[in-house]
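# Chains, contacts and geometry: an overview
Residues per chain are reported as follows:
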Amino acid sequence: MAYGDDYQQLSKYSRETLKGKNLDWNSKPPLYKQYPPDLEHIELDKPDRQGGEPFYSLLQQRRSERSYNKAAVSGSKLSQVLWAAQGITLTTEYHQFRTAPSAGGLFPIETYCAINNVEGFKPGIYHYQVPYHSLILLKEGSYGLELARAALGQKMLRDSSFNLVWSAMIERSRWKYDQRAYRYIYLDAGHIAQNAALAAVSCGLGSCQVGAFFDEEVNQIIDLDGVNEFAIYLSSFGETK
Ligand SMILES: Cc1cc2nc3c(=O)[nH]c(=O)nc-3n(C[C@H](O)[C@H](O)[C@H](O)COP(=O)(O)O)c2cc1C
């Protein structure tokens, strides 16, 4: 079952297959995931958009850190990492642009935050609301251990202060790119995760990216249906000193 090999070949662009494709603007999915209006938005601290450590120094220092000291991380560090991952940096008449590039400006990736120990936040699963730079609490409780189990027993997800789970809402990208969308969601997520990892260095946090996990177990923890929206990447964050 070499479906990966097949996919790579079948999803290639060629001059022939690209001909005559039209977009149905009426079926374009919304850019932002919305929840019922009665769910409370928890405002995040205003992110620093200017400062931080010099860029090349961040690149030099970034390393996958898997041991955390379980200390509480400040809310401002969480805010900084979330903004670096997906924050809005430019609003024009028709578009909102973010810290990370996205194929076609379709932004199919959603960010969930599983908080274990962050000052001022109850442990729980939160959704990052990009346009408002806020969090919505989806369910209370410490899910670190469950996430660690779902990630093939990787304890850093239990010991971290918070974990980010990135999901893809595939139709946002498939609407335009059809099956090739599956290439782009992973590229988008990679950009986002690297931004978050560099912000973590700037905040003095350790972080590690996680691609090894039981898909359906992570989907269940976050309450994703696994078809229209599914987890594709995780990162853990915590104090290391
Ligand atoms: C797509 C991807 C998936 C990864 N998955 C895991 C993982 O599940 N567990 C883990 O400990 N590290 C994971 N890593 C981290 C790599 O092991 C790490 O980046 C690599 O060993 C290089 O080390 P460095 O990040 O310190 O430079 C992943 C990295 C990437 C880019």
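It should be emphasised that the depicted structure is a prediction, and the values quoted were computed from it without experimental measurement. (Residues numbered from 1 in each chain as written. Predicted model: local features only at pLDDT ≥ 70, side-chain atom pairs only at ≥ 80, totals over all residues. Heavy atoms only, no water.)

## Digging into empty space enclosed by the protein
Applicable threshold: Every definition here rests on a 1 Å grid over the protein atoms only: cavities are sets of points where a 1.4 Å probe fits but cannot get out, pockets are open sets enclosed by protein on both sides within 12 Å along at least five of seven lines, and lining residues have some atom within 4 Å of a point. Grid points are joined across faces, edges and corners, and a volume is the space filled by probe spheres set on the points. Classification used: nonpolar for Ala, Val, Leu, Ile, Met, Phe, Trp, Tyr, Cys and Pro, charged for Asp, Glu, Lys and Arg, polar for all others including Gly.
Applying the stated rule across the entire model yields 1 cavity of 30 Å³ or more. Counted as a void, the largest cavity has a volume near 50 Å³. Taken together, Gln86, Arg98, Ala100, Pro101, Ser102, Phe107, Pro108, Ile109, Asp188 and Ile192 make up the lining of the largest cavity. When the residues that make up the lining of the largest cavity are grouped by side-chain class, the tally is 6 nonpolar, 2 polar and 2 charged.

## Points about the pattern of salt bridges
The line we're drawing: Take a side-chain nitrogen of Lys or Arg and a carboxyl oxygen of Asp or Glu: if they are within 4 Å of each other, that pair is a salt bridge. Each helix corresponds to a stretch of at least 4 residues labelled H or I by DSSP, and each strand to a stretch of at least 2 residues labelled E; elements are numbered beginning at the N terminus.
Summed over the entire model, instances satisfying the criterion amount to 8 salt bridges. For Glu110, the salt bridge identified is with Arg172, shortest N-O distance 2.6 Å. Here Glu110 is found in strand 4 (residues 109-115), whereas its partner Arg172 is found in helix 6 (residues 170-177), with 62 residues between them in sequence. Two residues, Glu140 and Lys122, come together in a salt bridge whose shortest N-O distance is 3.6 Å.

## Topic: the packing of helix 3 (residues 75-86) against helix 7 (residues 181-202)
For clarity, the threshold we go by: For helices, the fitted line uses only the C-alpha atoms of the stretch in contact; every axis is such a line through C-alpha atoms, and the angle between N-to-C directions lies from 0 to 180 degrees. Orientation categories follow fixed angle ranges, with anything under 35 degrees roughly parallel, anything over 145 roughly antiparallel, 65 to 115 roughly perpendicular, and all other angles oblique. Note: crossing handedness is left-handed where the near helix turns anticlockwise from the far helix by less than a right angle, and right-handed where it turns clockwise. Two residues qualify as a contact provided that any one of their heavy atoms is within 4.5 Å of a heavy atom in the partner residue.
Interaxial distance between helix 3 and helix 7 falls to 7 Å at its minimum, and their mutual angle equals 150°. Compared by their axis directions, helix 3 and helix 7 come out roughly antiparallel. Here the hand of the crossing between helix 3 and helix 7 comes out right-handed. Mapping the contact onto sequence places Gln80, Val81, Ala84, Ala85 and Gln86 in helix 3 and Ile192, Asn195, Ala196, Ala199 and Ala200 in helix 7.

## Some words on the site of the ligand
For clarity, the threshold we go by: To be near a molecule or strand, a residue needs just one of its heavy atoms within 4 Å of it. Think of a polar contact as two N or O atoms within 3.5 Å of one another; within protein, one of them needs to be a possible hydrogen donor and the other a possible acceptor, and neighboring residues in sequence only count if both atoms come from side chains. Here the accessible surface of atoms and residues is derived via Shrake-Rupley with a 1.4 Å probe, and residues count as covered only by protein chains that are part of the display.
Around the ligand, the neighbouring residues are Arg62, Arg63, Ser64, Arg66, Gln154, Met156, Cys208, Gln209, Val210, Gly211, Ala212 and Tyr233. With respect to the ligand, the side chain of Ser64 contributes an N or O atom lying 2.6 Å from an oxygen atom. Between the ligand and Gln209 there is a distance of 3.2 Å, counted from a nitrogen atom to a backbone nitrogen or oxygen. Bound to the protein, the ligand loses 55% of the 630 Å² it would expose on its own. A per-class count over the shell around the ligand returns 5 nonpolar, 4 polar and 3 charged.

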